[in-house]
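# Observations on the model geometry
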Amino acid sequence: MIPFLDLKKINEPYETAFQEKLKSVLENGWYILGKEVETFEKAFADYCHSKYCIGVGNGFDALVLIFKGYIELGKLKKGDEVIVPANTYIASILAILQADLVPVLVEPRLETYNINPDLILEKITPKTKAILVVHLYGQLAEMDKISEIANNNNLLIIEDAAQSHGIEKNLKPKSYNLKSASAYSFYPGKNLGCLGDGGAVTTNDEALAKVLFSLRNYGSEKKYHNEYIGVNSRLDELQAGFLNLKLPNLDSDNEKRRTIAKRYLSEIKNSKIVLPFWDFSNNHVFHLFVVRTENREKLQEYLAQNNIQTVIHYPIPPHQQKAFSEWKSLSFPITEKIHKEVLSLPISPVLTDSEADYVIEILNQY
């Protein structure tokens with residue numbers, strides 16, 4: 001079986017270094033917010049062209065804390081509306097709700113699966129205060145257009161970059177990033193993954209960063225002095241140490257993903273399968289390689305029978321989830337089509353040429 005994602009194989013080259021890092025942390029005797037977190041925060045901020053990086057417990061907390069940070073700064077308040085893609089993973093929407101804000105769903109472009117900027121304007125109301133942009137599957141959203149809309153309407157931009165580590169590494173820093181924030185997840189399956197949960201916020205906004213450093217640590221900047229009603233969400237010292245070992249290889253890992261994607265796009269030739277759009281620039285890091293087909297279950301079963309594991313990201317759109325019964329009457333036909341048809345193929349830095357050959361061959365025979 002060709003696994004969808006072989007995490008053991010991905011982490012095997014680091015095994016000795018991981019053990020040495022564990023020993024170092026143990027011997028250092030400082031296990032929370034120590035030098036490993038500090039080192040990673042500086043390195044990841046530099047990598048992302050940001051002044052600040054705030055390590056937190058996971059990617060979901062990263063999003064929630066951004067919203068709560070803006071609330072503390074008076075830039076958001078309870079009941080404000082946040083525009084968000086209708087086809088995003090549920091965590092994006094849950095984060096908005098956790099901060100007592102109101103999600104407003106907007107359809108994506110069918111070609112890119114990212115939010116359609118042309119549809120954002122019609123959803124803006126006097127209550128709209130922010131746009132949560134999701135770089136879904138690892139592809140950069142249309143930030144120039146979204147930035148223009150945000151600037152013209154005095155809206156905050158928050159980026160859910162949980163699937164897009166390294167997407168802007170080779171792009172010039174954008175003006176929209178000066179007063180915005182990005183949330184990252186280091187869940188093990190991400191392009192930059194640790195061996196447990198982990199997350200971070202990157203921003204160039206000094207005021208926001210100052211609040212976030214406190215909010216993640218019980219709302220305390222100085223021990224036992226609490227300025228805010230905070231939470232306990234700190235990037236683990238050991239996980240930060242593992243990330244410090246893996247970050248230098250992120251660019252090369254992403255390039256391997258792009259190489260596989262180029263092969264899939266040029267060599268898979270089957271009219272029953274819709275391949276993803278990509279302009280072959282560095283605006284995609286292929287966290288996922290997602291195809292569409294009208295009979296997804298049949299294709300997935302066919303691939304499983306031929307020893308190729310696939311995953312559905314995601315089978316049920318947010319507005320049709322039981323948790324959001326108040327949305328059941330809403331209609332988002334593009335989102336519904338995407339969630340009904342998408343199937344993710346194996347793609348990772350450790351997928352071999354022969355495995356890619358086989359995936360292509362089997363798909364072309366379908």
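What counts, and at which threshold
Residues numbered from 1 in each chain as written. Predicted model: local features only at pLDDT ≥ 70, side-chain atom pairs only at ≥ 80, totals over all residues. Heavy atoms only, no water. Buried < 20%, exposed > 50% of the residue type's maximum accessible area, 1.4 Å probe, protein only. Helix = DSSP H or I, 4+ residues; strand = E, 2+ residues; numbered from the N terminus. Arc of directions from axis to C-beta. Contact = heavy atoms within 4.5 Å. Core = buried A, V, L, I, M, F, W, Y, C linked by side-chain atoms within 4.5 Å. 1 Å grid on protein atoms, 1.4 Å probe; cavity = no way out; pocket = protein on both sides within 12 Å on 5 of 7 lines; lining within 4 Å. Points joined across faces, edges and corners; volume = space filled by probe spheres on them. Nonpolar A, V, L, I, M, F, W, Y, C, P; charged D, E, K, R; others polar. Salt bridge = Lys/Arg side-chain N within 4 Å of Asp/Glu carboxyl O.

## With respect to helix α7 (residues 143-152)
Within the span of α7, buried status applies to M143, I146, S147, I149 and A150. One side of α7 carries all its buried residues, which in axial view fall inside an arc of 160°. Summarising the geometry of α7, the exposed residues directed more than 90 degrees from the buried face are D144, E148, N151 and N152. Close packing links the buried residues of α7 with α6 (117-120), β4 (128-134) and β5 (156-160).

## Section: the nonpolar core
Among the nonpolar cores identified, the biggest contains 35 residues, and F67, Y70, L132 and I158 are the most heavily contacted of them. Breaking this core down by element, the ones donating at least two residues are β1 (52-56), α4 (59-72), β2 (81-85), α5 (90-98), β4, β5, β6 (181-185) and α8 (206-215). Element by element, the count of residues in this core is highest for α4, at seven residues. Membership of the second largest hydrophobic core comes to 25 residues, among which are A261, I273, Y302 and A356.

## Notes on empty space enclosed by the protein
Tallying each qualifying case throughout the model produces three cavities of 30 Å³ or more. Lining the largest cavity are 16 residues, and of these I10, K190, N191, G193 and K246 sit closest to its centre. The set of elements that each furnish at least two residues to the lining of the largest cavity consists of α1 (7-11) and α10 (250-267). Looking at side-chain class alone, the lining of the largest cavity contains eight nonpolar, four polar and four charged residues.

## Notes on unusual backbone geometry
With an omega of 10°, the peptide bond between H313 and Y314 qualifies as cis. With respect to the helices and strands, Y314 occurs in the loop between α11 (296-305) and α12 (333-341). Located in the positive-phi region is N154, a residue other than glycine, with phi close to 55°. By the secondary structure assignment, N154 is in the loop between α7 and β5.

## Re the pattern of salt bridges
Evaluated as defined, the whole model comprises 15 salt bridges. In this structure, E41 and R216 form a salt bridge, with 2.7 Å as the shortest nitrogen-oxygen distance. On the criterion of sequence distance, the pair formed by E41 in helix α3 (residues 35-47) and R216 in the loop between α8 and β8 (220-222) is long-range, its members being 175 residues apart. Residue classification places R216 among the buried residues on the basis of a relative accessible area of 6%. Across the pair D357 and R263 runs a salt bridge, and its minimum N-O distance is 2.5 Å. Note that D357 is positioned in helix α13 (residues 353-364) and R263 in helix α10, a separation of 94 residues in sequence.

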